[in-house]
Amino acid sequence: MPRFHCPAPLATGAELDLPPGAARHVQVLRLQPGDGITLFHGGQGAGDPGGEFHATVLKMGRSDVRVLVGAHHAIEREAPRAVHLLAGITANERMDWLVEKATELGVASITPLVAERSVLKLKGERADRKIAHWQAVAVAACEQCGRNRVPVVHPAIDLAGWLRTPGQGMTSSDGHAAQGTPQRLLLSLRPGTVPLREATGGEGAQQRPVLFLSGPEGGLSTAEEDLALQHGFAPVTLGPRVLRAETAPLAALAALTL
């Protein structure tokens, strides 16, 4: 059954018009009155009951679609461990791919990092448009993979600015900060790193949130890594091979959330 994100308040028995994006998708699929769809709020904003709702198409207009919200199903498909990703911004469409796949793998939130070696530098209106675009990529990935919680894509920021930010960009889709003190991990090629699985083992490890920091193409600079280490990040490795900037955080997410 097709799934659509609907940030409007959802309640059984309510009639509502789908948001424009979802309405266009319903029309592209050529759904008709009486056809069933699944709606989820996504945890973005107040009044989210969680889970998902069955809904029935009532009317297909030229540019609008009206639905009747049906039964609520308290289904959540979140990862057992919250992983917040602080990822160096990569070039071209690689960041889109990273956001999409990280969402599928269960990331709790994403903060695009404007690193010294980032090819793409964002500021002002261009940054706002990019963040909105990446948030839409995360929404589409949730529609596809079955998640009912859309990870927040936070504003782009450099590492020093992030370290000065209260809460440090780890708010999840329900608007709450990470529960407990997150374990801070830095993907690094410097000597003295330990394997990721070794660093995250131990009693209660599955419940403790993780903050994972990785760089753009070329990695973080020495100064950025030193700054991260000074603020409690532990250097970890994913193995003997050097992974691309968009691959490495996904490998870490898979190891931590699956």
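Cut-offs applied
Here, residues in each chain are numbered from 1, in the same order as that chain's written sequence. Thresholds applied to this predicted model are a pLDDT of at least 70 for local features of residues and 80 or more for the giving and counting of side-chain atom pairs; totals over whole chains, interfaces and linings are not thresholded and use all residues. Based on all heavy atoms of the structure, the side-chain values leave hydrogens and waters out of the count. Secondary structure follows DSSP: runs of H or I at least 4 residues long count as helices, runs of E at least 2 residues long count as strands, and numbering of each begins at the N terminus. Only C-alpha atoms enter the radius of gyration, while the globule expectation follows 2.2 Å times N to the 0.38, with N the number of residues. A simple rule labels every residue: compare its accessible area, found with a 1.4 Å probe on the protein chains alone, to the largest value its type can have, and call it buried under 20%, exposed over 50%, or partly exposed in between. Throughout, a contact is declared for two residues whenever any of their heavy atoms are within 4.5 Å. The method behind every accessible area is Shrake-Rupley, applied with a 1.4 Å probe, and residues are considered shielded solely by the protein chains displayed. Whenever Lys or Arg places a side-chain nitrogen within 4 Å of a carboxyl oxygen from Asp or Glu, that contact is recorded as a salt bridge. Strands qualify as paired when DSSP identifies two bridges or more between them. Helix axes use the C-alpha atoms of the stretch in contact, all axes being lines fitted to C-alpha atoms, and the angles between their N-to-C directions lie in the range 0 to 180 degrees.

Here we take up the overall build of the protein. Across its full length, the protein carries seven helices and twelve strands. Over its C-alpha trace the protein gives a radius of gyration of 20 Å, about what one expects of a compact globule, namely 18 Å for 258 residues. Viewed in the frame of its principal axes, the protein has a C-alpha envelope of about 60 × 40 × 35 Å. The burial tally for the protein puts 47% of its 258 residues in the buried class. Partitioning the contacts of the protein with sequence separation of at least 6, the portion at a separation of at least 24 is 73%. When the accessible area of the protein is evaluated, it comes to approximately 12,300 Å², of which 54% is carbon and sulfur surface.

Below, the discussion takes up the pattern of salt bridges. All told, the structure shown has 15 salt bridges when counted by the stated rule. Here E52 ties to R3 by a salt bridge, and the two come within 3.2 Å at their closest N and O atoms. One end of the pair, E52, is in strand β4 (residues 52-60); the other, R3, is in strand β1 (residues 3-5), and 49 residues separate them in sequence. For E246, the salt bridge identified is with R94, shortest N-O distance 3.7 Å. With a gap of 152 residues between them, E246 in the loop between β12 (234-237) and α7 (248-257) and R94 in helix α2 (residues 94-104) connect regions that are remote in the sequence. Through salt bridges with shared partners, a single network forms among R3, E52 and R77.

Read across the open sheet, the seven strands follow the order β8-β7-β6-β11-β9-β12-β10; overall the sheet is parallel. The strands lining the two open edges of the sheet, one partner per strand, are β8 (152-153) and β10 (194-195). Where strand β6 (residues 83-88) meets strand β11 (residues 210-214), five bridges bridge the pair, whose relative direction is parallel. Each residue of the ladder has a partner; that of H84, found in β11, is L211. Packed on one face of the sheet, helix α6 (residues 222-230) meets β9 (183-187), β11 and β12 and runs near 160° to β9.

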